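# Structure at a glance
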Amino acid sequence: MKPMQGSFQTIALGSINLHVLPSEKFKTTSFSIFLRQKLQAETVTKHALLSNVLQRGTSRFPTSVQLRRELENLYGAGFFADVMKKGELHLLQIGLDIANEQYLSSKEPLLEKGIQLLVEVLTDPALEGKAFPDKVVESEKKVLKQRIESLQDDKIRYAAVRCSEELCKGEPYALFGLGTVEDLATIDGSELYTYYQDLLQTAPIDIYCVGNVDSAQVQQILQKYLPSALTEAKRTELVSMISDSKPTKEQEKEVVDHLDVQQGKLNLGLRTQISFAEEDYPALLMYNGILGGFPHSKLFRNVREKESLAYYCSSQIESLKGLLFIQSGIEIGNYEKAVQIIKEQLSAMKAGEITENELEQTRATLSNQYRQQLDRPFDLIGYHFHQMISKRERKLMDLLLQLQQVTKSDIQAVAQKVNLEVVYFLRDKGGESA
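In what follows, the accompanying structure is described. (Residues numbered from 1 in each chain as written. Predicted model: local features only at pLDDT ≥ 70, side-chain atom pairs only at ≥ 80, totals over all residues. Heavy atoms only, no water.)

## Quick word on the packing of helix H1 (residues 44-54) against helix H7 (residues 189-202)
- Between H1 and H7, whose axes approach to 10 Å, the crossing angle comes to 95°. Overall, the two elements H1 and H7 adopt an arrangement that is roughly perpendicular. Residue-level inspection shows Lys 46, His 47, Leu 49, Leu 50, Val 53 and Leu 54 of H1 in contact with H7, the latter providing Glu 191, Leu 192, Tyr 195, Tyr 196 and Leu 199.
- In terms of residue class, the contact of H1 with H7 is built from eight nonpolar, one polar and two charged. (Axes fitted to C-alpha atoms, helices over the stretch in contact; angles between N-to-C directions. Helix = DSSP H or I, 4+ residues; strand = E, 2+ residues; numbered from the N terminus. Parallel < 35°, antiparallel > 145°, perpendicular 65-115°, else oblique. Contact = heavy atoms within 4.5 Å. Nonpolar A, V, L, I, M, F, W, Y, C, P; charged D, E, K, R; others polar.)

## Some details on the state of the cysteines
- What the rule picks out here adds up to zero disulfides.
- Distance from the sulfur of Cys 163, which forms no disulfide, to the nearest cysteine sulfur (Cys 168) is 8.9 Å.
- In this structure Cys 163 comes out as buried when scored by relative accessible area, which is 1%. (Disulfide = S-S within 2.5 Å. Buried < 20%, exposed > 50% of the residue type's maximum accessible area, 1.4 Å probe, protein only.)

## Thoughts on the side chain of Gln 116
- For Gln 116, the location among the structural elements is in helix H3 (residues 110-123).
- A relative accessible area of 18% means that Gln 116 is categorised as buried.
- Beyond its immediate stretch of four places on either side in the chain, Gln 116 contacts Arg 60 and Tyr 225.

## Description of the pairing of strand S10 (residues 323-330)
- Burial of S10 is extensive: eight of the eight residues sit out of reach of the surface.
- As paired elements, strand S8 (residues 264-271) and S10 share eight bridges and run antiparallel to each other. If you follow Leu 270 over to S10, its bridge partner there is Leu 324.
- The sheet contact formed by strand S9 (residues 310-318) and S10 spans eight bridges and is antiparallel. Each residue of the ladder has a partner; that of Gln 316, found in S10, is Phe 325.
- Between S9 and S10, which follow one another and run antiparallel, lie four residues, and Gly 322 among them has a positive phi close to 70°. (Pairing = 2+ DSSP bridges.)

## Observations concerning the sheet that holds strand S2 (residues 16-22)
- Taken in spatial order, the six strands line up as S1-S2-S6-S3-S5-S4 in an open sheet, and their pairing is mixed. The strands lining the two open edges of the sheet, one partner per strand, are strand S1 (9-13) and strand S4 (78-86). Geometrically, the sheet is characterised by an average inter-axis angle of 20° between neighbouring strands, direction not taken into account.
- Of the strand pairs in this sheet, strand S3 (residues 28-38) and strand S6 (residues 205-211) are connected by six bridges, and their pairing is antiparallel. Residue pairing in the sheet places Leu 35 in a bridge with Ile 205 of S6.

Structure, rendered in structure tokens:
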């Protein structure tokens, strides 16, 4: 029997978890595979490089051209692989979006062909002996090196990364998710393949499927193609808990970097002490929305519009580490006044200075954002996986209900926990200090 629409069904395939959401809403079938790794210096660069190399081919389609041609044959299936930081975890994600054969005149078994290809990308990559092909590895090293080095060209992103590095100095989260150029230079095809083999045997693996499918059929096809060595492997559970690292600092730290910039980037790093798993997480969402999450928020209205101090000013949360970041672009000479006005907004939140209009606008905007996720398969996958790695079940519809129940006093209570720890400023090379 199919589970109720809107609910994932989890099936154990040995040590691998399959999560299926049958839904008649979608005309395509979306797949994601997640491999969890600890966020750690010794593996971060290999993990990022591996996601690039796995996209380059399988033993059946050993070149990028052949792999792309097969995707075109599968009615233009979409395919991607990438890495991301989620709390203290470094995730490798492989995704596939393919047409559902039920809506096509062709009787081609697209579901099975899609699953077969996805499993091959994961378990049967193109090799030279017992190594990834040197030509492929060297090519992808160049691509990844360019991505790492290009960070400094994107000043908004660079400032955000530097702020998180300073806030989480000494913690895994301070690591850049794409690794380092120094470590990249030492990796060859043999070393990367050894890492890949170890990852397949030890990393928690979750496979997701969303679409108008039958769970039993998806399970049956996967069991047909997944190697038994993979499903029988013993895996170490990895979750991301806020308690992994929650240091408190005695006073806020000011950090100033100098680069060739015309516009200053002012970023603030704060700890909220609240993660997705906590009871007051819905109140944290409301807090962030009122503070700087939307155009009606305090930061946008007071720093950007009222005082004309910033080209942009907003806030966002990292919900697995319990972090909050404020980002703004300012005239370099406005640094002190911008910091003062931003701190005034934080103080206003602590004092409970929240209007009914701010409360209701934020509630409506947040609810709309989450309702939109119900129409996007990969958002549904991402949200469910977020629950998995935080060890807290909070269904989307439950969260929507919880948002409606958050009060002004709940938000003020969250504000009391929020602690400013880092004021980071990226400015021009002309000034010696901010």
